[in-house]
There are 4 protein chains.
Amino acid sequence: MARRKSVKKRNKIIESAAKLFAQNGYFCTSMSEIANRAEMSVGSLYVYFKSKDDLLIEIFKNYFDELMGNVEKIFTETEQHPLDKLFDGLNLVVNTLSNDKDMAKVFLVELRQSNKALESIAPEIRDKYENLIKNLIDEAKEKDLVKKNIDPELIGLSTFGLIESILFDWINKGYTKEKLLMKLERAANYFIQGIRK
Amino acid sequence: MARRKSVKKRNKIIESAAKLFAQNGYFCTSMSEIANRAEMSVGSLYVYFKSKDDLLIEIFKNYFDELMGNVEKIFTETEQHPLDKLFDGLNLVVNTLSNDKDMAKVFLVELRQSNKALESIAPEIRDKYENLIKNLIDEAKEKDLVKKNIDPELIGLSTFGLIESILFDWINKGYTKEKLLMKLERAANYFIQGIRK
Amino acid sequence: MARRKSVKKRNKIIESAAKLFAQNGYFCTSMSEIANRAEMSVGSLYVYFKSKDDLLIEIFKNYFDELMGNVEKIFTETEQHPLDKLFDGLNLVVNTLSNDKDMAKVFLVELRQSNKALESIAPEIRDKYENLIKNLIDEAKEKDLVKKNIDPELIGLSTFGLIESILFDWINKGYTKEKLLMKLERAANYFIQGIRK
Amino acid sequence: MARRKSVKKRNKIIESAAKLFAQNGYFCTSMSEIANRAEMSVGSLYVYFKSKDDLLIEIFKNYFDELMGNVEKIFTETEQHPLDKLFDGLNLVVNTLSNDKDMAKVFLVELRQSNKALESIAPEIRDKYENLIKNLIDEAKEKDLVKKNIDPELIGLSTFGLIESILFDWINKGYTKEKLLMKLERAANYFIQGIRK
DNA sequence: TATGAATGAGGTTTCATTCAT
DNA sequence: GATGAATGAAACCTCATTCAT
């Protein structure tokens, strides 16, 4: 029961911090502002997270692990053309982030601000994502479903870039979720057609 | 005539700041560190730039305007298939940035740190670049050289994402310029094939 | 309950700042000098006051409200000839300030230094004081105790000037409290005789 | 001829500085702002004045000496009842300052800001003025035109306070010159009636 | 005489983190 | 666990003054 309360508080901190990081940036958000918004004392933040950097990193891990788990499910547990899986995966990521603009902005922008985070987490995230895709493409190559000279690592890279670019545009221009998803669909189609056999 | 603001000194500041911003990030670089590296006093920085924010912004303007000018030349002054122009343009950008890793990192990462910069400059840069591409694609559509349902704006977005992604990977992993250019070539090819008629 | 903001500490800051403002002037006193004299860290000053300006303003409010409260008591709670009340009020003000030369100097000189303070507080102080006197004179007029053509607002102004001038002279020349009070008595008498019926 | 130009420049500096000191205060006005307004370089300021402090002091001397010279003329060169001379003197001072609100504000407020100025000049000004009045009152006493127990020094003080107070009020509230002079006339009358035999 | 770039000392303020309560 | 006052290091920036031109 005490545990429960504790998780709730931790989540409230994460939520508050994500909101503020997204709004004002990592360096322009102070611990006391976070405490304020989370309706607790500065001291309490340090009960749950050992530093501001740590707080940022934990925000990601929490969110990202769940997201990637779901993508993995699509990639491994469904029976489809691999390029359709790829399409569905892209959709899932963008769809999920489109429900939480704050988190999206943190992912795209703020993660790059903390040196520690940038160095320790960002590559990890990219690697994990790119690996998932690489495996998918390797599978497609084995089944002879894509052009021969395709470089799987590069596909990972490119799709990552695609997602980032489209989300960043959405964050800046602020159109509807529907338009965002439509843009993604089209862009993904061009790209996938470029590699499909 | 008294001493005039020297271009040399101004450039030394820009160079020093870019190096440090790239190395340690915008917020983790202090004006006094910049002054140190530029071998002048802190006060002198403020003779040439009116704030730290301004310094970051000026770094961009300087570099970016020249780069974009060259891309524009390719797009408007050469006679080629528009998609080949697009290819050459991508190559020019990556090629140029690959010669100055510091500047590349500043472009990709640090620009997003300063709120002022992010809000005032980043969109401007994106817009300018995306517009160049949009015009190119429009031209290609008129000449019936690309698939019919192509969305020019989206192509702009996607190529921007492509460049960012590949450069970011390079910055993180640190391979040779040659490998970087090779990766770009391949990725660009997939993409362009996806839209070419 | 954690440590609460201590009134003692706040007062120590006020005392130290008043001393230094009086000695060296508002602009020539640094926050770190104040912290030094108050035997605490610079950061602590900002726990109690949100800026240097604010510190100056708070010094006044504290001191002035009490002083004016006492003057008001004389004016409203005693039964005397209104001009005698006026005389007693002048005496109280000068008497009180004569016990704290630092505060007197801050009142007369430093208040005018901070733009914020000058614009927001100084007029408020003057208005409050001049109003008290205005009411007193109005009362005296009703009772037909002063000359007919007396302008109450002007009396307020003039007595304020009288007090300022005499205190300023004392601060500059540094004679004894007794002499100061004697001067005030005489000057006040000339003035009051000028308006008494 | 060269001399002429030089005086003109010096005056332009004084004028500019007075304006800015009055507008923003002594400490909040920078030498480069003064140079700006005077349409010359910072270096030039230092050709004519040896420091910022010195500039403030010189502003006064210039203005004040002329003003006091005129008051002295009234006091010594005209044949009137001494209290009428006093009245005329007060009028002259206020009248003159009312034509140059900037200078008035500098006199009343900014003079107190520079330590050097406050310590060296302010007392000198007060002394000079108070002495003029003292002599006048002494003369009046000899001729048995004022009450017996009048303290000449105190009259000096009081009239100085009167002027300051009324000018300060005018500066803050900003009414017309006519109203200002009317207020002075009345206030001076009360006061003079208090001491006239 | 006139200039204005250069300086460096010093100012105010912020803030992540600690720790006594 | 929870609090928030206390800290001190460091940040950005200003500015009177100097001096080479």
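Asks: Looking at this structure, how should I read the interface of chain A and chain B?
Replies: Interface extent is often summarised as the accessible area lost during association of the parts. Of the residues lining the interface, 39 residues belong to chain A; the matching set on chain B comes to 39 residues. Buried area between chain A and chain B, both sides added, is near 3,500 Å², and the carbon and sulfur share of it is 57%. Summed over the shared surface of chain A and chain B, the result is 6 salt bridges. Here Lys183 of chain B and Glu153 of chain A are joined by a salt bridge, their closest N and O atoms 2.8 Å apart. Between the two partners, chain A and chain B, sit 13 residue pairs in polar contact (both at pLDDT 80 or more).

Asks: In this structure, what is going on with the relation of the copies chain C and chain D? I would like to understand it.
Replies: Two copies of a chain can be linked by a rotation about an axis combined with a shift along that same axis. Overlay of chain C on chain D (RMSD 0.1 Å): rotation 180°, translation along the axis 0.0 Å. Considering both components of the superposition, the chain copies are consistent with a two-fold axis. The position closest to the rotation axis in chain C is occupied by the C-alpha of Gly194 of chain C, lying 1.8 Å away. Interface residue correspondence from chain C to chain D reaches 100%, placing this contact among same-surface, isologous pairings.

Asks: Hey, could you run me through the relation of the copies chain A and chain B in this one?
Replies: Between chain A and chain B, which share one sequence, the superposing operator has a rotation angle of 179° and an axial displacement of 0.0 Å; the RMSD is 0.1 Å. Comparing interface residues between copies, 100% of those in chain A also sit at the interface in chain B, which points to an isologous, same-surface contact.

Asks: Help me understand helix α9 (residues 152–173) of chain A in this model?
Replies: One turn of the α-helix equals 3.6 residues, which is why residues spaced by three or four share an orientation. Residues and elements named next belong to chain A. For α9, which comprises 22 residues, the first-to-last C-alpha distance of 32 Å matches the rise-based estimate of 32 Å (1.5 Å per residue) to within 8%. In terms of burial, α9 is largely enclosed, as 19 of its 22 residues are buried. N-cap assignment for α9: the residue whose side-chain oxygen lies 3.0 Å from the backbone N of Glu153 is Asp151. Within two residues after α9, Gly174 carries a phi angle of roughly 70°, on the positive side.

Asks: Looking at this model, I keep getting lost on the environment of Tyr175 of chain A. Mind explaining?
Replies: Residues and elements named next belong to chain A. By the secondary structure assignment, Tyr175 is in the loop between α9 and α10 (177–195). If sequence neighbours within four positions are ignored, Tyr175 has contacts with Ile166, Asp169, Trp170, Leu180 and Lys183. Within polar-contact distance, the side chain of Tyr175 engages the side chain of Asp169 at 2.7 Å.

Asks: Any chance you could explain the protein's contact with DNA strand E here in plain terms?
Replies: Neighbouring DNA strand E are 34 residues, the closest being Met31 of chain A, Ser44 and Tyr48 of chain B, Tyr46 of chain C together with Ser44 of chain D. The protein-proximal atoms of DNA strand E, defined as those within 4 Å of the protein, are 70% sugar or phosphate. Within the contact set of DNA strand E, a phosphate oxygen lies 2.7 Å away from a side-chain nitrogen or oxygen of Lys52 of chain C. Contact between DNA strand E and Ser44 of chain D: a phosphate oxygen at 2.5 Å from a side-chain N or O atom of the residue. Listed by contribution, the elements that provide at least two residues to the surface near DNA strand E are α3 (42–48) of chain A, α3 (42–48) of chain B, α3 (42–48) of chain C together with α3 (42–48) of chain D. When grouped by side-chain class, the residues that make up the surface near DNA strand E number 14 nonpolar, 12 polar and 8 charged.

Asks: Is there a simple way to explain the protein's contact with DNA strand F in this structure?
Replies: Neighbouring DNA strand F are 33 residues, the closest being Ser44 of chain A, Tyr46 of chain B, Ser44 and Tyr48 of chain C together with Met31 of chain D. Take Ser41 of chain C: an N or O atom from its side chain is 3.4 Å from a phosphate oxygen of DNA strand F. Put simply, the parts of the chain that give the surface near DNA strand F at least two residues each are α3 of chain A, α3 of chain B, α3 of chain C together with α3 of chain D. When grouped by side-chain class, the residues that make up the surface near DNA strand F number 13 nonpolar, 12 polar and 8 charged.

Asks: Would you mind showing me how to read the packing of aromatic side chains here?
Replies: For the coordinates displayed, the defined rule picks out 10 aromatic pairs over all chains. Ring geometry for Tyr26 of chain C against Phe27 of chain C: centres 5.1 Å apart, planes inclined by 80°, an arrangement best described as edge-to-face. For Tyr26 of chain C, a relative accessible area of 3% gives the class buried. Judged by its relative accessible area of 27%, Phe27 of chain C is partly exposed. What links up through ring pairs into an aromatic cluster is the set Phe21, Tyr26 and Phe27 of chain A together with Phe21, Tyr26 and Phe27 of chain B. Sitting above the plane of the Tyr175 of chain A ring, Lys179 of chain A keeps its charged end 5.0 Å from the centroid. Here the basic side chain of Lys101 of chain C rests over the ring of Trp170 of chain C, its NZ or CZ set 5.2 Å away from the ring centre.

Asks: Can you walk me through the arrangement of the chains in this structure?
Replies: Chain A makes no contact with chain C; the smallest distance between any of their C-alpha atoms is 11 Å. Looking at chain B next to chain D, you find no contact at all, with the nearest C-alpha pair sitting 11 Å apart.

Asks: What is the right way to look at the interface of chain C and chain D in this model?
Replies: Each side of the interface is counted separately: chain C has 39 residues, and chain D has 39 residues. Summing both partners gives a buried area of about 3,500 Å² for chain C against chain D, and 57% of it is carried by carbon and sulfur. Counting every contact that joins chain C to chain D gives 4 salt bridges. Seen at the junction of chain C and chain D, the total is 11 residue pairs in polar contact (both at pLDDT 80 or more). Broken down by secondary-structure element, the contributors of at least two residues to the side of chain C that touches chain D are α7 (115–120), α8 (122–142), α9 (152–173) and α10 (177–195) of chain C. At 15 residues, the largest contribution of residues to the side of chain C that touches chain D is made by α9 of chain C. Counted by class, the side of chain C that touches chain D contains 17 nonpolar, 10 polar and 12 charged residues.

Reading the values: the criteria
- Residues numbered from 1 in each chain as written.
- Chains lettered and ligands numbered in written order.
- Predicted model: local features only at pLDDT ≥ 70, side-chain atom pairs only at ≥ 80, totals over all residues.
- Heavy atoms only, no water.
- Contact = heavy atoms within 4.5 Å.
- Buried area = accessible area lost by both parts, 1.4 Å probe.
- Salt bridge = Lys/Arg side-chain N within 4 Å of Asp/Glu carboxyl O.
- Polar contact = N/O pair within 3.5 Å; in protein donor to acceptor, adjacent residues only side chain to side chain.
- Least-squares fit on C-alpha atoms with pLDDT ≥ 70 in both.
- Helix = DSSP H or I, 4+ residues; strand = E, 2+ residues; numbered from the N terminus.
- Expected span 1.5 Å × (residues − 1).
- Buried < 20%, exposed > 50% of the residue type's maximum accessible area, 1.4 Å probe, protein only.
- Near = heavy atom within 4 Å.
- Nonpolar A, V, L, I, M, F, W, Y, C, P; charged D, E, K, R; others polar.
- Phe/Tyr/Trp six-rings, centres within 6.5 Å; stacked < 30°, edge-to-face > 60°.
- Lys NZ or Arg CZ within 6 Å of the ring centre and 35° of its normal.

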